[in-house]
Amino acid sequence: MSRWDGKTKGSLTGYKIFLFFINTLGLGFAYGLLRVVTYYYYLFAAKPKKALLDFYQNTLHISGSDARKMARRNFYIFGQTLVDRAAFLLGKDRQFSHVFENEQYLIDIRDAGKGGILLSAHVGNWETAGNLLKGRITPTINIVMLDAEVENIKKYMDLSTGGSRFKVIAIKDDLSHIISIRNALVNNEFVAIHADRYLEGARYIEMDFLGRKARFPYGPFVIASKFNAPVTFVFAAKDGKYSYHLSCTKPIESKMKPEEIAQLYVEELERKVKAFPEQWFNYFNFFQP
């Protein structure tokens, strides 16, 4: 089974259809349409389904029938998070609510004046959290990501919705993104990085994760250890039809070694996966050697 290739899945036609329905018929109708679309994916997206079932049965030790039900729910909630993302960008976010566990930690990071590094994962949807937090705790949130989305989809989303409410720092081969991260921290901005996926050929660190060996990208933990900025682990999981549960951990010293930060990160990631197993959005063999 292939590993993650760094690209966001989805067709331009699909994005256009859902943007149209969100705009004209509302979120409730879009959610209803999702049940049909995601059931189709559950039936015919063999590789993602196989990866999910392996994760649920062989990692979380969920029985066969319950694992299949959770995989179906996983596809549906993932679709909801994409619809929610578009709704926020379209300015239709008034019906959403959220709670923020340990929000004071982010306020303390802001007040320290050194910026902050927020390590997250593909559990729930941190992009929606970034939209929720925009202008509330810090003026600017930067998200470090591979700039590998299909270009015509990105252009259509930007033209149709005005783009995301946060800044993107694209990972570049020339390492110019390191300078962008440094500049953001100097300006007392937050820098969010997903630390659970790596590409073939990239440096990785192997960790014990939920009782199995898994590889995590080394870069985010090196960045977290090298810059003189507080580091926290942040997550945003959907906990209701129109609500999210945001959380962050007590900031740690950035002078820790990358391996030490990775160990703490993995421990927190385990807790989140156990709390929100249906929101594990890694659709590949996470434990493939």
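First things first, this report covers the structure right here in the doc. Quick caveat, the model's predicted, so the values are computed rather than measured. (Residues numbered from 1 in each chain as written. Predicted model: local features only at pLDDT ≥ 70, side-chain atom pairs only at ≥ 80, totals over all residues. Heavy atoms only, no water.)

## Re the overall build of the chain
Right, so step 1: The helix and strand tally for the chain stands at nine helices and nine strands.
Right, so step 2: Going through the 289 residues of the chain one by one, you find that 51% of them count as buried.
Right, so step 3: Of all intrachain contacts in the chain linking residues separated by at least 6 positions in sequence, the fraction that spans at least 24 positions is 77%.
Right, so step 4: Roughly 13800 Å² of accessible area belongs to the chain as shown, and the carbon and sulfur atoms make up 53% of that amount. (Helix = DSSP H or I, 4+ residues; strand = E, 2+ residues; numbered from the N terminus. Buried < 20%, exposed > 50% of the residue type's maximum accessible area, 1.4 Å probe, protein only. Contact = heavy atoms within 4.5 Å. Areas by Shrake-Rupley, 256 points an atom, 1.4 Å probe, with all protein chains shown as cover.)

## Looking at helix 3 (residues 64-89)
Right, so step 1: Spanning 26 residues, helix 3 covers 38 Å between terminal C-alpha atoms, matching the ideal 38 Å at 1.5 Å per step.
Right, so step 2: Positive backbone phi, at 80°, marks Gly91, one or two positions downstream of helix 3. (Expected span 1.5 Å × (residues − 1).)

## A few points about helix 9 (residues 258-275)
Right, so step 1: Between the first and last C-alpha of helix 9 there are 26 Å, a value that for 18 residues agrees with the 26 Å anticipated at 1.5 Å per step.
Right, so step 2: Taken as a whole, helix 9 has its buried residues at Pro258, Ile261, Ala262, Tyr265, Val266, Glu268, Leu269, Glu270, Lys272 and Val273.

## Looking at the nonpolar core
Right, so step 1: The biggest cluster of nonpolar side chains holds 47 residues, and the ones touching the most others in it are Ile117, Leu119, Phe209, Phe216, Phe221, Tyr265 and Leu269.
Right, so step 2: Per-element accounting of this core gives the leading share, six residues, to helix 9.
Right, so step 3: Non-local contacts of Ile117, meaning those with residues more than four positions away in its chain, are made with Leu185, Val191, Ile193, Ile223, Ala224, Phe227, Ala229, Pro230, Val231 and Thr232.
Right, so step 4: Of all hydrophobic cores here, the second largest spans 32 residues; its members include Leu27, Val83, Phe166 and Phe190. (Core = buried A, V, L, I, M, F, W, Y, C linked by side-chain atoms within 4.5 Å.)

## Focus on the packing of aromatic side chains
Two descriptors summarise a pair of aromatic rings, namely the distance from one centre to the other and the angle between the planes of the rings.
Right, so step 1: In the structure shown here, the tally under the stated rule is 29 aromatic pairs.
Right, so step 2: On the numbers, 6.4 Å between centres and 70° between planes, the contact of Tyr42 with Phe75 is edge-to-face. Pair noted here: Tyr42 is in helix 1 (residues 12-44) and Phe75 is in helix 3, with a separation of 33 residues, a long-range link.
Right, so step 3: Of the aromatic side chains, those joined through ring pairs into one cluster are Phe55, Tyr56, Phe209, Phe216, Phe221, Phe233, Tyr265, Trp280, Phe284, Phe286 and Phe287.
Right, so step 4: Taking the ring centre of Tyr42 as reference, the NZ or CZ of Arg72 above it sits at 5.9 Å.
Right, so step 5: We note Arg212 situated over the ring of Phe287; from NZ or CZ to the ring centre the distance is 4.2 Å. (Phe/Tyr/Trp six-rings, centres within 6.5 Å; stacked < 30°, edge-to-face > 60°. Lys NZ or Arg CZ within 6 Å of the ring centre and 35° of its normal.)

## What about the side chain of Gln80?
Right, so step 1: For Gln80, the location among the structural elements is in helix 3.
Right, so step 2: Judged by relative accessible area, which is 8%, Gln80 ranks as buried.
Right, so step 3: Not counting residues up to four positions away in its chain, the partners in contact with Gln80 are Tyr31, Leu34 and Lys238.

## Points about the pairing of strand 8 (residues 231-240)
Right, so step 1: For strand 8, the tally of buried residues reaches eight of ten residues, placing the bulk of the element in the interior.
Right, so step 2: Bridge analysis of strand 2 (residues 116-120) against strand 8 gives three bridges, and the strand direction is parallel. Residue pairing for strand 8: Leu118 is matched across the bridge by Thr232.
Right, so step 3: Where strand 8 lies against strand 9 (residues 243-248), six bridges are found, and the strand directions are antiparallel. (Pairing = 2+ DSSP bridges.)

## Description of the pattern of salt bridges
Right, so step 1: Inspection of the entire model under this criterion finds five salt bridges.
Right, so step 2: Between Asp111 and Arg110 there is a salt bridge whose closest N-O contact spans 3.0 Å.
Right, so step 3: In this structure, Arg271 engages Glu268 in a salt bridge whose closest nitrogen and oxygen atoms are separated by 2.8 Å. Taken together, the residues Arg271 and Glu268, both in helix 9 and three residues apart, mark about one turn of the helix. (Salt bridge = Lys/Arg side-chain N within 4 Å of Asp/Glu carboxyl O.)

It is worth stressing that arrangement in space is one thing and function is another; only the former is reported here.
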